[in-house]
Structures are given as structure tokens and as C-alpha cells.
Amino acid sequence: MKKKHLEPVHPRRSSANMLLPAIMVIATGILVYARTVPYGFVFDDIENIVKNPAISDFRPSQLAHAFAQPWRALTLISFGLTRYLFGFNPAVFHLTNILIHSANALLVFGIAHLAAKRWLEPDKSKFFPLAAAMIFAVHPIQSEAVAYVWGRSSSLCALFYFAALLLMMIGLSKPDRRQILWFGLAVLAAYAAWKTKEEAITLPLAAAGLMALIGAWRAATCVAFLPVLYVAVRYQSLLQVRASVAENRELAVAGMRATLDPLMYFLTSLKGIVCYYLRLYIIPIGQSADAYLSPVTGFQDPYFWAAVTVLAALVALGFVMRSDRIFLLGLIMLFVSPLASYTIVPLPDIVAEHRVYISSLGFAILAAWLLTRIPHHRWAILAGIIIVLGVTALNRSGVWADNLTLWKDAEAKSPELERPHINLGMAYQVTGAENLAVIEYQHALALNPRLAPAYINLAGVFFNHGDLANSERLLLKAMEIAPALPEPYVNLAQIALKRELPRDALHILNSADTSATSHLIHIAKGDVYKQLGQYAEAAAEYDAAARLKPNLR
């Protein structure tokens, strides 16, 4: 399809016409998620942000060193700068997430606007970009990436990812001499996306698909080759990262279920694309922070074949409608984006909604394209869709208010998984509802009897009530299951100290096989030595702990 020749438009008039829709998009993105500003830190926010020395100790003077880190450097820098300027004020972290999301919706508007100028009739070119941007801004599937602070890794990556695509589209519409500037800026944005999150490895493929649609086949071929070249150069390091992620050592040590083998993970991921993600895009009901997706254990799974059928039908539809560039653009941005990349790296969580934040660009384009084909009342229909999606997103974002609401929701929707039970138990325990915490820990152990954290947390409840015998029994069980965890040794030492047996406590801590890597063991030893009056030894242990955990100093 050749590029359509459009009537010249006065630049000032064109800018004025775009200003109001742009303001609407930004305001909608802010309005839908404004309620999350007073929320606290939940789930992985605590370990990955609040307790992360790379963030808590960040200084602007360390910017070059932080940027040189191989993985998610800009994500950590963004959190580090927020902490440096405003402290660990969760309101500022949440507000930053909302502003990033609104900026992304504006970039979606820009991408859709340029696509509409190329491939849509003038009477649809105003409707299409606004529809795509508004659907992107309010769709509930975005809630995890916006309301969950650590979800910024996906939304910030999208900021640079979308910017790279938009800059490239602008460059392709400029004369040859001016293209260099725009393409240079696009390359910088693409590099920033990669430094933000690894899923940006799909960006060259998405860009190549867009170039092919425009007709720049030679450039598309060169750009599509970039990920292949990168994988070839970094093959060994990428293989090590993949193996490390698949091993999932931290959770495996604690007794959590192992990740699926690569083939079954791939097949289950294909099932998840259709049965979870695409379903939520169309009917956003049943979202969960810890969704359960039954793994594919063989080729007899009917849901797997249903998913394959749907994916094959979409590919066939794309071939049949290959002359409709907008439709093809939506398919490319939906499936060539990170949605597909997550099928090849075995992760503990097969589905997680923040991972499809970038892919939502494709869905928004497809949804807006479908609405443009409605002959009458499309504006009214769009308004109705925005209201329904916005209210649903508003309701969904409330789940992220605190750990109690988050894990109550997840436990109700995924009772088959042990993590919602144990995390809900911890949330109850923090609020003092220990009787409810015990029930959740018992639920978790009924699902997985080798779940060491559940034994450790149960032991803490008994310890708080002075039942040292049952606390000790549960900690010994945890130690048997997960000898590499430091917590059973530390807590058993506390029991020994409670019984006024400091020598026994020291013996327990010395028997831990984690002393070389755990600051908790050294802190506990320091406390014991201090109680024994051996202050030099205590100081040495505290110093060892500080070397392992520099932010303790």
C-alpha cells in the first residue's frame, strides 16, 4: 500500500487541533490512578526498593557507575533519584508511576496519530489516535504496572520503547538529511529502553515490522538483524542469565515449587497468552497479583490447543488482511513485543500482568481500529468503553492499597497457589491478627508441606506466645527442609537466648552453612557475643555483617 497523499495542513492549526486530545489523554491517565498516590509499598517493593542498597545508598555522584550496571540500570537510577530527592515517601513513588503512565499514553497517541495520517481516511484520523490512547490509558490490565511501584520497570521501559518507535516514524516522514537526527534520537531511546529492562530486546523486531509496513524493507532487514547479532555476541552471558532465572535459587531454597522445564514452560506460556492475557484484554475480570494457570504437562491439554488455534487464526487473519496496515501494526505490536519474549525464559510466575504493559500498545491499536469500522455512533461507543474500563481500572487499583487487600484478593482468586496464602498470613501477622495468620500458613503447608517460610512464620507466632517448644519444633523442620536459609538458625538462637543459654545459641549459629553469605547470621552472632561480654568478637561479627550488607553501616 502506497503512502497516502494528504492535503497540506498549517502547522499551528495542526498543533492546536492535537492539544485538546493530548490534554484529555494525560488527564485521563492521571485521574484513573490518582487514588494510588497515598498507597504504601507492597509485595516486592520492600525487598527490591526499600531494602535495596543500590537505591537506599544512591547518590548522584554514582550516576555513571549505576548506569554501567548490566541489568535494569535506569530502573534502579529512577528509584534511586526518587529516594535521594524525596526519601522513601511512597506517595512520590506512586505519583512518578502515574506520570510515566500518562506520558506513555501520550506517546501511544503520537504513534497512532502518525499511523492514521499514513493509512486512514481523514474522517477517521482524528478518532483513531484518541481512541487508542484512551484505551491504553484506562485499561485495567495496566494496573499492576502503575499501582505497584516495582511495576515501574515495565512502564519506564515502555516510555523509551514507545519514544523510539515514535521518533523512528517521524524520521521516516522527513527528508533524507533530517532523518539522521530523528533516527539518532530513536537509537538513543532504544538504548535507554534496553538499560531499563531486558524485554526491550524485542524493540528492533517491532521497529522492523513497522518499517516493513511503511515500505522501508532494506532498513527493516538491517534492524531485524540486531537482536540476532546481540544474542550471537552475548550468547554465553545470556545463557547464564537464563539458567540462573530458570534455577530460581532463592525461592527453590525456601521450598517453593520449581519452574517448569523449558518446553513445558513454552507451551504453558502460549496457553497463557490466549487464556489469560488476551482474555483479560477483552474481558478484564479476574485479575490477580498471583494468577493461577494450570501448567501444560503434555500435548493432550485442550486449552493449549485452543490457544494454538486462536494464535494461528490471528496469523491467518493478518495474512488475509495484509493490505490493512493499521490492523497489521496492531498485531505486530501485540505479539512481536515482550508478550512473545517471555515464552522463552522460564520464570517462576508464568503470567504477570505488568509484563504485557508494552504489548498493550498493540491491543489499543487493534481496539481503536475495530471502532473505526463502526459506521455510526463510534464516539458514543468509545465514551461508553472508556467509562467501563476506567471504572474497572479504578476498582482494580484499589487492590494495591496494602498487602492485606492485595493478598486477600489473590488468595480468593488463586487458592491453588501457596504464595497468596503465606503472604496473606504475613500481612495478618503484621497487623496482629495472628489467629488468621496461622490459618493461612496451614493452608500454604497443606498445598506444599516443604514450604520452609511457612514453618518459620508459624514458629514466630508460637515464640510470641511463649510456646518455645513448638516454636523450636517448627524451626527444626524448616532447617531440615531448607538448610541454606539463615532464619531457622537465627530464630533457634533466639530461643536459646530466651532460655538463657548463650553458648547453645552460639553453637547453633556456628553450625549454619550460610554464614559466608548471610548478614543475619553475623548480626545474631554479634548479639550473642555482646551478651557474653566478648565485645571484640561482637564488633568483628557486626563488621562482617556490614561488609555483606553495606547499608547496615
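Use the structure listed above.
Residue numbers restart at each chain and count upward from 1, following the sequence in its written direction. Note on the predicted model: pLDDT of at least 70 is required for a residue's local features to be given, and 80 or more for side-chain atom pairs to be given and counted; whole-chain, interface and lining totals, by contrast, use all residues. Excluded from the side-chain calculation are hydrogens and water; included are all heavy atoms of the structure.

Considering the overall build of the chain
- Put simply, DSSP marks the helices as runs of H or I at least four residues long and the strands as runs of E at least two long, and each gets a number from the N terminus on. The helix and strand inventory of the chain stands at 30 helices and zero strands.
- Along the three orthogonal principal directions, the C-alpha set of the chain runs to about 90 × 50 × 45 Å.
- Residues classed as buried in the chain amount to 52% of the 553 residues present.
- Should any heavy atoms of two residues lie within 4.5 Å, those residues are counted as being in contact. Contacts spanning at least 24 positions in sequence make up 72% of the contacts within the chain whose residues lie at least 6 apart.
- Working definition of accessibility: Shrake-Rupley area with a 1.4 Å probe, residue cover restricted to the visible protein chains. For the chain, the accessible area works out to roughly 25,800 Å², and carbon and sulfur atoms hold 65% of it.
- In this tally, Asp and Glu contribute negative charge and Lys and Arg positive charge; neither His nor the terminal groups of the chain are included. By convention, charge coordinates are those of NZ in Lys, CZ in Arg, CG in Asp, or CD in Glu. Across the chain, the centroid of the 47 positively charged side chains sits 14 Å from that of the 37 negatively charged ones. A simple rule labels every residue: compare its accessible area, found with a 1.4 Å probe on the protein chains alone, to the largest value its type can have, and call it buried under 20%, exposed over 50%, or partly exposed in between.

Focus: the packing of aromatic side chains
- Stacked, tilted and edge-to-face are the three classes applied to pairs of Phe, Tyr and Trp rings, where Trp contributes its six-membered ring and a pair requires centres within 6.5 Å; stacked means planes under 30 degrees apart, edge-to-face means over 60, and tilted covers the rest. Scanning all chains against the criterion turns up 18 aromatic pairs.
- Consider the rings of Phe-79 and Trp-150, whose centres lie 5.5 Å apart with planes at 15°: the pair is stacked. One end of the pair, Phe-79, is in helix α5 (residues 73-86); the other, Trp-150, is in the loop between α9 (143-147) and α10 (152-172), and 71 residues separate them in sequence.
- Given a relative accessible area of 0%, Phe-79 falls into the buried group.
- Three or more aromatic residues link up through ring pairs in this structure, and these residues are Phe-41, Phe-79, Phe-88, Phe-93 and Trp-150.
- Only Lys NZ and Arg CZ are tested; either one counts as a charge over a ring when it is within 6 Å of the ring centre and within 35 degrees of the ring normal. The ring of Phe-127 has Arg-378 sitting right over it, with the charged end atom 5.6 Å from the ring centre.

Some words on helix α30 (residues 535-548)
- Here a helix's expected span is defined as the number of its residues, less one, multiplied by 1.5 Å. If you check α30, its first and last C-alpha atoms are 20 Å apart, about what 14 residues at 1.5 Å a residue would give, namely 20 Å.
- Turning to α30, its buried residues are Ala-538, Glu-541, Ala-544, Ala-545 and Ala-546.
- Residues of α30 that are buried in the fold lie against α29 (519-532).

Looking at α29
- Compared with an ideal rise of 1.5 Å per residue, which puts 14 residues at 20 Å, α29 spans 20 Å between its outermost C-alpha atoms and is within 8% of the ideal.
- Buried residues of α29: His-519, Ile-521, His-522, Ala-524, Lys-525, Gly-526, Val-528 and Tyr-529, and no others.
- Where the residues of α29 are buried, they touch α27 (487-498), α28 (502-510) and α30.
- Pairing of N or O atoms within 3.5 Å defines a polar contact, subject to two protein rules: one partner must be a possible hydrogen donor and the other a possible acceptor, and residues neighboring in sequence count only if both atoms are side-chain atoms. For α29, the N-terminal cap is Ser-518; the gap from its side-chain oxygen to the backbone nitrogen of Leu-520 is 3.2 Å.

Some words on the nonpolar core
- Judged by nonpolar contacts, the single largest core of 106 residues is most densely connected at Phe-128, Ile-135, Phe-162, Leu-165 and Leu-210.
- Top element by residues in this core is α10. It accounts for 13 residues.
- Nonpolar core, defined: a set of buried Ala, Val, Leu, Ile, Met, Phe, Trp, Tyr and Cys residues in which side-chain atoms within 4.5 Å join the residues together. Formed by 59 residues, the second largest nonpolar core is a distinct cluster that contains Ala-147, Trp-407, Tyr-441 and Ala-454.

Digging into the side chain of His-421
- For His-421, the location among the structural elements is in helix α23 (residues 418-430).
- Residues in contact with His-421, not counting those within four places in the same chain, are Glu-411, Pro-415, Glu-440, His-443, Ala-444 and Leu-447.

Looking at the pattern of salt bridges
- We define a salt bridge as a side-chain nitrogen of Lys or Arg found within 4 Å of a carboxyl oxygen belonging to Asp or Glu. Going through the model one piece at a time under the given rule, you end up with 12 salt bridges.
- One continuous salt-bridge network, built from bridges that share partners, spans Asp-290, Asp-349 and Arg-419.

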